[in-house]
Amino acid sequence: MWSSSELKSFLINLAVSDVAMAVFSIPFTYTMFLLGRWIFEPWFCPVVMTMQHTSVLVSVYTLTAIGIDRYKAITNPLGRRATASRNGLVISMIWLFSFFVSSFQFRISWATSFFYDKQYYYKCQEHWDTEEESQYYTLFVFIITFFIPLLTLTYTYSAVAYKLWRTSAPGNADPARDTAQLRANIRPFGDSTFGTEIGQLNVLSLLVLAGFHLALQEEWNKEKRTEISAVGSWRWERT
């Protein structure tokens, strides 16, 4: 198993990403839902949107990196151990990858003004040329942010659990001792990793389904309007 020093850099990075997520999500999302408008500087809108995506990606892929290293440490305990420089390189790559994927928000997100009650307000949101582009982007974020990490963690934690289950303590067999040791080994893997992933996966799954449902509903409404117009024209010609 890992020592606390080997986990420290990843845990610190996970804490930093969670703090960044809270800083760039709670005040801005709360005020948007409460007031229905963007109350901050318009230029800050794409920055907030980018950092929200970045912090989520960093958090998810840090958990994924922890799962992969746990898998390697248990399935190959005599292999190469993690070092501080290697962990720092992995963390740097996670941040660079996350920011690269999230930087697309600088292109599609900005604050737009609207007039209400004799006054101009701002609203921060994504802007797409077509509904299909929005759906494809949501699906891309779903795959990169949740589906791939979830598959990776499912495989690594399943392999680790299987490895621990098949491993017995050296010496004479003692069912009570072996059962207690097995539970002690598996307990560290029952942390919040899967809860976090599954919770975020469910939320984004609802967003993806909602987006495609709205598109299908709009397409169905267009077809119904076309049918009604055709029937109206036919009746007008008959009369």
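Residues numbered from 1 in each chain as written. Predicted model: local features only at pLDDT ≥ 70, side-chain atom pairs only at ≥ 80, totals over all residues. Heavy atoms only, no water.

### Remarks on the pairing of strand β2 (residues 119-126)
Bridge count between strand β1 (residues 109-116) and β2: eight bridges; the pairing is antiparallel. Across the sheet, residue Phe114 finds its bridge partner in β2, namely Tyr121. A loop of two residues connects β1 with β2, the two strands running antiparallel in sequence, and Asp117 in this loop sits at a positive phi of about 55 degrees. (Pairing = 2+ DSSP bridges. Helix = DSSP H or I, 4+ residues; strand = E, 2+ residues; numbered from the N terminus.)

### Notes on the environment of Trp110
Counting through the fold element by element, Trp110 comes out in strand β1. When the C-alpha positions of Trp110 and Pro46 are compared, they lie 5.6 Å apart, and in sequence the two are 64 residues distant. Once residues lying within four places of it in the same chain are set aside, the contact partners of Trp110 are Cys45, Pro46, Lys123, Cys124, Gln125 and His127. (Contact = heavy atoms within 4.5 Å.)

### Some thoughts on the UniProt feature "transmembrane region" (unreviewed entry) in the protein chain
Taking the UniProt record as the reference, the feature "transmembrane region" (unreviewed entry) is found at residues 12-35, 47-68, 89-116 and 136-157. Between the end C-alpha atoms of residues 47-68 the distance is 31 Å, and the span holds 100% helix and 0% strand. Counting secondary structure, residues 89-116 comes out at 64% helix and 29% strand; the distance between its end C-alpha atoms is 50 Å. (UniProt positions renumbered as here; feature names shortened; annotations may be inferred.)

### Quick notes on the packing of helix α2 (residues 44-75) against helix α5 (residues 131-166)
In contact at an axis separation of 9 Å, α2 and α5 are set at 20 degrees when each is read in the N-to-C sense. If you check the angle between α2 and α5, you find them roughly parallel. Where α2 crosses over α5, the handedness of that crossing is left-handed. By residue class, the composition of the contact of α2 with α5 is 19 nonpolar, seven polar and two charged. (Axes fitted to C-alpha atoms, helices over the stretch in contact; angles between N-to-C directions. Parallel < 35°, antiparallel > 145°, perpendicular 65-115°, else oblique. Left-handed = near helix turned anticlockwise from the far one by under 90°. Nonpolar A, V, L, I, M, F, W, Y, C, P; charged D, E, K, R; others polar.)

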